Amino acid sequence: MARGELPDYPWDLMAPYRERAAAHPGGVIDLSIGSPVDPTPDLVRAALVNATDAHAYPQTTGTGELRQAIVDWFARRRGVTGLTAANVLPTVGSKELVALLPFLLGLGEGDVVVHPRAAYPSYEMGAVLVGARAMASDDPSEWPAATKLVWLNSPGNPDGRVLSIDELRAARERALELGAVIVGDECYAELGWEGEWAETPVPSLLDPRVTDGNRHNTLVAYSLSKQSNMAGYRTAFVAGCSTVIGRLTTVRKHAGLMLAQPLQAAMLAALRDDEHVAVQKQRYRARRAVLKPALEAAGLRIDHSEAGLYLWASEGRDAWDSIGRLADLGIVGGPGHFYGVHHPEHVRLSLTASDEHIATAAERLRASVTA
Ligand SMILES: Cc1ncc(COP(=O)(O)O)c(C=O)c1O
């Protein structure tokens, strides 16, 4: 796709299915979008309220306190030690970073941006916006010489797949061989459910077991949207190679991309508190425990989904047919077609609905096979 030729926003295709779901007498249950439904923690809201005197311009790099909180968070929550203030940078949510990184890195025509086969669509869009080519590939041996940027996403959206230390190492080694920047989008890192990820944090691309302490061309993006119910605040950050962070900082200074001061204060409060993250995780764990067996009882197979915010399900038929069946139950899901061309028989169901809605969805799914 040439620069400027933007595709239609795919979610518009959902309109007829939303209408069908809305006709359900018990009301619609929307599991299609991963937008948090639980309240932003009080400590975050209080920090925002206390920071409304923001007469001066904020720093692009964030305050020193915020940068230190990001460094401390990586060490405490992600096992990533050795970062300094020069290795971290706040961003206005992580979607802007995902969509703008090819631009911030100066990529353009002839360059390749690699992203997962089942992928959050903004990786491709970032490439399209600068006229670069996006390539969906999970196999480092396929990545061409023109690769300039590689996106990993673990735990994955939409598929909840976790990349092991060995997989992260192999991807990083190939990216470095190609001279490409490699970024781990880890915004679901706190949401591990099954197998070893129930107990152990999912590995970070900046984990010393992956990098051997060398962060060259290696970045991680993280967001507070999901872990802290702050999607409306647009608070996120990127960390890693100080040279790349330096370049991003310079371009962002020129482009005016800085996080508002009151939001920096809110982000600081969220990053310093682990308790609310545990509370939120427990909510999603409980919802998952209700929805997953109900989907299975209704004949949907759940693939991957060992971590993250979604259940990646398939009935072995075209996703639009499954979306139609769910719509008749008053449930809205997202078709695999929205996440690339490789998963036409999958649907994505989000855990971001109230306990009541999740319980009702589960009842309808079970009743659909016993009726
Ligand atoms: C994989 C992935 N990356 C990035 C984002 C963007 O998150 P935010 O812009 O809220 O930080 C999302 C949001 O759903 C996502 O799923």
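Just so you know, these numbers come straight off a predicted model, no measurement behind them.

1. Comments concerning the site of the ligand
Okay, so step 1: Surrounding the ligand, one finds 14 residues, the nearest of these being Asp-185, Tyr-188, Ser-223, Ser-225 and Arg-234.
Okay, so step 2: A distance of 2.8 Å separates an oxygen atom of the ligand from a polar backbone atom of Lys-95.
Okay, so step 3: Taking Tyr-188, its side chain carries an N or O atom lying 2.6 Å from an oxygen atom of the ligand.
Okay, so step 4: Notes on the ligand: free accessible area 400 Å², of which the protein chains cover 92%.
Okay, so step 5: The residue makeup of the shell around the ligand, split by class, is 4 nonpolar, 6 polar and 4 charged.

2. A few points about the packing of helix 3 (residues 64-78) against helix 10 (residues 261-271)
Okay, so step 1: Put simply, helix 3 and helix 10 touch, their axes get as near as 10 Å, and they point 25 degrees apart. In terms of axis orientation, helix 3 runs roughly parallel to helix 10. The crossing of helix 3 and helix 10 is left-handed. Every residue of helix 10 that contacts helix 3 at Glu-65, Leu-66, Ala-69, Ile-70, Trp-73 and Arg-76 is listed here: Gln-264, Met-267, Leu-268 and Leu-271.
Okay, so step 2: When the residues that make up the contact of helix 3 with helix 10 are grouped by side-chain class, the tally is 7 nonpolar, 1 polar and 2 charged.

3. A few points about the packing of aromatic side chains
Okay, so step 1: This model, assessed by the stated rule, comprises 12 aromatic pairs.
Okay, so step 2: Both rings, one in Trp-73 and one in Phe-74, keep their centres 5.0 Å apart while their planes meet at 80 degrees; by these two values the pair is edge-to-face. The exposure classification of Trp-73 matches that of Phe-74, with both residues buried.
Okay, so step 3: Feature note: the residues Trp-11, Tyr-17, Trp-320 and Phe-338 constitute an aromatic cluster, connected by ring pairs.
Okay, so step 4: A cation sits over an aromatic face here: Arg-348 above Tyr-310, 3.9 Å from the ring centre.

4. Structural notes on the domain arrangement of the protein chain
Okay, so step 1: Split by domain assignment, the protein chain resolves into domain 1 (10-39 + 276-370) and domain 2 (42-273).
Okay, so step 2: Between domain 1 and domain 2, the contact holds 28 residues from the first and 30 residues from the second.
Okay, so step 3: In total, domain 1 and domain 2 occlude about 2,700 Å² of area from one another, counting both sides; carbon and sulfur atoms represent 57% of this.
Okay, so step 4: For the interface between domain 1 and domain 2, the tally reads 2 salt bridges.
Okay, so step 5: Taken together, domain 1 and domain 2 are joined by 20 residue pairs in polar contact (both at pLDDT 80 or more).
Okay, so step 6: Counting residues per element, the ones that place at least two in the side of domain 1 that touches domain 2 are helix 11 (275-297) and strand 10 (310-314).
Okay, so step 7: Broken down by element, the residue count for the side of domain 1 that touches domain 2 peaks at 9 residues, all from helix 11.

5. Some details on unusual backbone geometry
Okay, so step 1: Pro-155 follows Ser-154 through a cis peptide bond whose omega is -10 degrees.
Okay, so step 2: By secondary structure assignment, the location of Pro-155 is in the loop between strand 5 (147-153) and helix 6 (165-178).
Okay, so step 3: The peptide bond linking Asn-157 to Pro-158 adopts the cis configuration, its omega dihedral lying at 15 degrees.
Okay, so step 4: A positive phi angle, close to 50 degrees, is found at Asp-212, a residue other than glycine.
Okay, so step 5: In this structure, Asp-212 sits in the loop between helix 7 (208-211) and strand 7 (218-223).
Okay, so step 6: For Arg-234, which is not a glycine, the phi torsion comes out positive at approximately 60 degrees.
Okay, so step 7: Relative to the assigned elements, Arg-234 resides in the loop between helix 8 (224-227) and strand 8 (235-240).

6. Considerations on the pairing of strand 10
Okay, so step 1: For strand 10, the buried fraction is high: 5 of the 5 residues fall into the buried class.
Okay, so step 2: Burial along strand 10 is two-sided: Tyr-310, Trp-312 and Ser-314 and Leu-311 and Ala-313, pointing in opposite directions, are all buried.
Okay, so step 3: Connecting strand 9 (residues 301-303) to the antiparallel partner strand 10 that follows it, the hairpin turn spans 6 residues, and His-304 within it adopts a positive phi of roughly 45 degrees.
Okay, so step 4: Inspection of the sheet shows strand 10 paired to strand 13 (residues 346-350) by 5 bridges, in the antiparallel sense. In the sheet register, Ser-314 faces strand 13, and the bridge partner there is His-346.

7. With respect to the sheet that holds strand 6 (residues 181-185)
Okay, so step 1: Judged by pairing direction, the sheet is mixed, and its 7 strands sit side by side in the order 2-8-7-6-5-3-4 without closing on themselves. Taken across any chain shown, the strands that pair with only one partner, and hence form the sheet edges, are strand 2 (88-92) and strand 4 (133-136). Neighbour to neighbour, the strand axes of the sheet diverge by 20 degrees on average, direction disregarded.
Okay, so step 2: In this sheet, strand 6 lies alongside strand 5 in parallel orientation, the contact comprising 5 bridges. The residue bridging Val-150 from the neighbouring strand is Ile-182, located in strand 6.
Okay, so step 3: Sheet strands touched by helix 4 (residues 95-104): strand 2, strand 3 (112-115), strand 5, strand 6, strand 7 and strand 8. Its angle to strand 5, the strand with the most contacts, is close to 165 degrees.
Okay, so step 4: Contacts from helix 10 reach strand 2 and strand 8 within the one sheet, and its direction differs from that of strand 8 by about 70 degrees.

Parameters at a glance
Residues numbered from 1 in each chain as written. Predicted model: local features only at pLDDT ≥ 70, side-chain atom pairs only at ≥ 80, totals over all residues. Heavy atoms only, no water. Near = heavy atom within 4 Å. Polar contact = N/O pair within 3.5 Å; in protein donor to acceptor, adjacent residues only side chain to side chain. Areas by Shrake-Rupley, 256 points an atom, 1.4 Å probe, with all protein chains shown as cover. Nonpolar A, V, L, I, M, F, W, Y, C, P; charged D, E, K, R; others polar. Axes fitted to C-alpha atoms, helices over the stretch in contact; angles between N-to-C directions. Helix = DSSP H or I, 4+ residues; strand = E, 2+ residues; numbered from the N terminus. Parallel < 35°, antiparallel > 145°, perpendicular 65-115°, else oblique. Left-handed = near helix turned anticlockwise from the far one by under 90°. Contact = heavy atoms within 4.5 Å. Phe/Tyr/Trp six-rings, centres within 6.5 Å; stacked < 30°, edge-to-face > 60°. Buried < 20%, exposed > 50% of the residue type's maximum accessible area, 1.4 Å probe, protein only. Lys NZ or Arg CZ within 6 Å of the ring centre and 35° of its normal. Domains from an automatic or database assignment. Buried area = accessible area lost by both parts, 1.4 Å probe. Salt bridge = Lys/Arg side-chain N within 4 Å of Asp/Glu carboxyl O. Pairing = 2+ DSSP bridges.

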